[in-house]
Amino acid sequence: MPPSEANRDMATQNVAVLGATGSIGTATLDVLQHLDRIDGANQWNLWAASGHANLDLLAKLLDGLHRPPRRVVLSDPESAIHFRSRHATAAMQICTGPDALVEVASDPEVDIVVAAIVGRAGLESTLAAVESGKRVALANKETMVVGGSLVNATLMQSGAELLPIDSEHSAIFQCLGEKSCKPRKLILTASGGPFRSWSAAQMDQATPDSALDHPTWDMGPKITIDSATMMNKALEVIEARWLFDLPAESIEVVVHPQSIIHSMVEFEDGSVIAQLSPPDMRLPIQYALTYPRRLACQVPPLDREQRWDLTLEPADRERFPALDLGFEVAAAGGTAGAVVNAANESAVGLFLEGKIRFTDIVPTCRTCLENHSFEPNPTLETLLRLDRWARKEVAKQANVDRPLRRSGE
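- Per an unreviewed UniProt entry, the recorded name for the protein chain is 1-deoxy-D-xylulose 5-phosphate reductoisomerase, and the organism is Novipirellula artificiosorum.
- Under the heading Catalytic activity (unreviewed entry), UniProt records this for the protein chain: "2-C-methyl-D-erythritol 4-phosphate + NADP(+) = 1-deoxy-D-xylulose 5-phosphate + NADPH + H(+)".
- In its Function (unreviewed entry) section, the UniProt record describing the protein chain reads: "Catalyzes the NADPH-dependent rearrangement and reduction of 1-deoxy-D-xylulose-5-phosphate (DXP) to 2-C-methyl-D-erythritol 4-phosphate (MEP)."

1. Here's the deal with the nonpolar core
Here comes step 1: Core analysis: the largest hydrophobic core is formed by 119 residues, its most contacted members being L62, F83, I165, V253, L289 and F358.
Here comes step 2: Of the residues forming this core, the biggest block, nine residues, is contributed by helix 15 (residues 336–352).
Here comes step 3: If sequence neighbours within four positions are ignored, V253 has contacts with L188, A190, M230, K233, V237, A315, L323 and F327.
Here comes step 4: Formed by five residues, the second largest nonpolar core is a distinct cluster that contains V146, A338, L383 and L384.

2. A closer look at the environment of R196
Here comes step 1: Take R196: it is sitting in the loop between strand 8 (183–190) and helix 9 (200–204).
Here comes step 2: R196 gets classed as partly exposed once you look at its relative accessible area, which sits at 33%.
Here comes step 3: Sequence spacing of R196 and P215 is 19 residues, and the spatial spacing of their C-alpha atoms is 10.0 Å.
Here comes step 4: Those residues within four positions of R196 in sequence are excluded, and the remaining contacts are S191, V255, P257, E313, R319 and F320.

3. Some points on the pattern of salt bridges
A side chain of one charge can pair with a side chain of the opposite charge when the charged atoms of the two come close.
Here comes step 1: According to the stated counting rule, one finds 29 salt bridges in the structure shown.
Here comes step 2: Where R120 meets D387, a salt bridge forms, and the shortest distance between an N and an O atom there is 3.7 Å. With R120 in the loop between strand 5 (112–115) and helix 6 (123–131) and D387 in helix 17 (residues 380–397), this pair connects stretches of sequence that are 267 residues apart. By the burial criterion, R120 is buried, and D387 matches it.
Here comes step 3: Across the pair R357 and D204 runs a salt bridge whose closest N-O atoms are separated by 3.2 Å. Here R357 is found in the loop between helix 15 and helix 16 (361–371), whereas its partner D204 is found in helix 9, with 153 residues between them in sequence.
Here comes step 4: When its relative accessible area of 45% is taken as the criterion, R357 is described as partly exposed.

4. Points about the sheet that holds strand 3 (residues 71–74)
Here comes step 1: What the seven strands build is an open sheet, ordered 4-3-2-1-5-6-7; its pairing is parallel. Across the chains shown, the open sheet's two edge strands, defined by having one partner strand only, are strand 4 (93–96) and strand 7 (161–164). The sheet shows a mean angle of 25° between the axes of neighbouring strands, taken without regard to direction.
Here comes step 2: Most of the contacts of helix 6 go to strand 6 (residues 135–138), to which it runs at about 150°, and overall it touches strand 1 (11–18), strand 5 and strand 6.

Quick notes on the rules
Residues numbered from 1 in each chain as written. Predicted model: local features only at pLDDT ≥ 70, side-chain atom pairs only at ≥ 80, totals over all residues. Heavy atoms only, no water. UniProt positions renumbered as here; feature names shortened; annotations may be inferred. Core = buried A, V, L, I, M, F, W, Y, C linked by side-chain atoms within 4.5 Å. Buried < 20%, exposed > 50% of the residue type's maximum accessible area, 1.4 Å probe, protein only. Helix = DSSP H or I, 4+ residues; strand = E, 2+ residues; numbered from the N terminus. Contact = heavy atoms within 4.5 Å. Salt bridge = Lys/Arg side-chain N within 4 Å of Asp/Glu carboxyl O. Pairing = 2+ DSSP bridges. Axes fitted to C-alpha atoms, helices over the stretch in contact; angles between N-to-C directions.

Written as structure tokens, this is what we have:
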């Protein structure tokens, strides 16, 4: 059957990838091309993509597609002029700014939004996709950390689907299976990051280069530093509280250096179900796109011809105080997540610039949390105002004359 005839029987899945040049975004484009080759029921189409600073990589990624996207969203007009002059085609509309992200996320032609913008900068576009009733493949954990109550209320109204891409939350989603079985504990696994065996004194002398040397995952700099402080796990605890509607005391963190067990669920009868797979983000990305179907994935399976060492260790909260902070924020809800997330983004940026020590990151976040005016039921405007306040507060603590920009800006 000629391809044109075959396509008449295929449904088109138009996908918007917000944050296309990050590690999740590039993996998503790889998954889309794979699905377009092997999925007999759907034609997978990159309808829109967004990028920030790495315009050459964005152009390279789009040049590798046999169908270019309808829209490309860039951070600012200057980037758009540069990109349009070198890479644009007549069929490609180039837009700029956060309003364009919201427009793409809510466009009626888009079926699935992959929310992969790093940091708080992804909140508005993700919320717009949820408001529009779309399937949202969520990699941007900060959306739930900052605005989990707002997102959940919007989900109830719109009927959107929110499917996690984070390997830990995807694992929990898969382990939960039958919705009528109530879990007793959600057990998030953590690699332990590059400083798993470092003492507190060693971490006090840590450099950005040492903190960016992750032993398992290939991620962007902000997420890699979060792994080193274990703030990423703190944020995942907060995210899990909102995604799965369980209190903070029903969530645990254990260290699993091999990154094969991605998370576990303990049920009321004491049974524990775990999800295992290679440490490759293409697998949870594909599952979020094709759910509830499971299709052949390009990720090589686990090698069962070799001996496995699967280690589980208690998380050391004394050396990694971000964990206690995460559980406190998950229990508090309200505006706590917005403040800690903004403070962490700014503090990580200052550490990467060499302006504060690695061990200053978490205390800085705690100080902001303790100094802010807590509100239990914030509006979006309140969350955004406190986001700006926390960034200024971090700059003031560090004696920097400007607040750091959000990740993705």
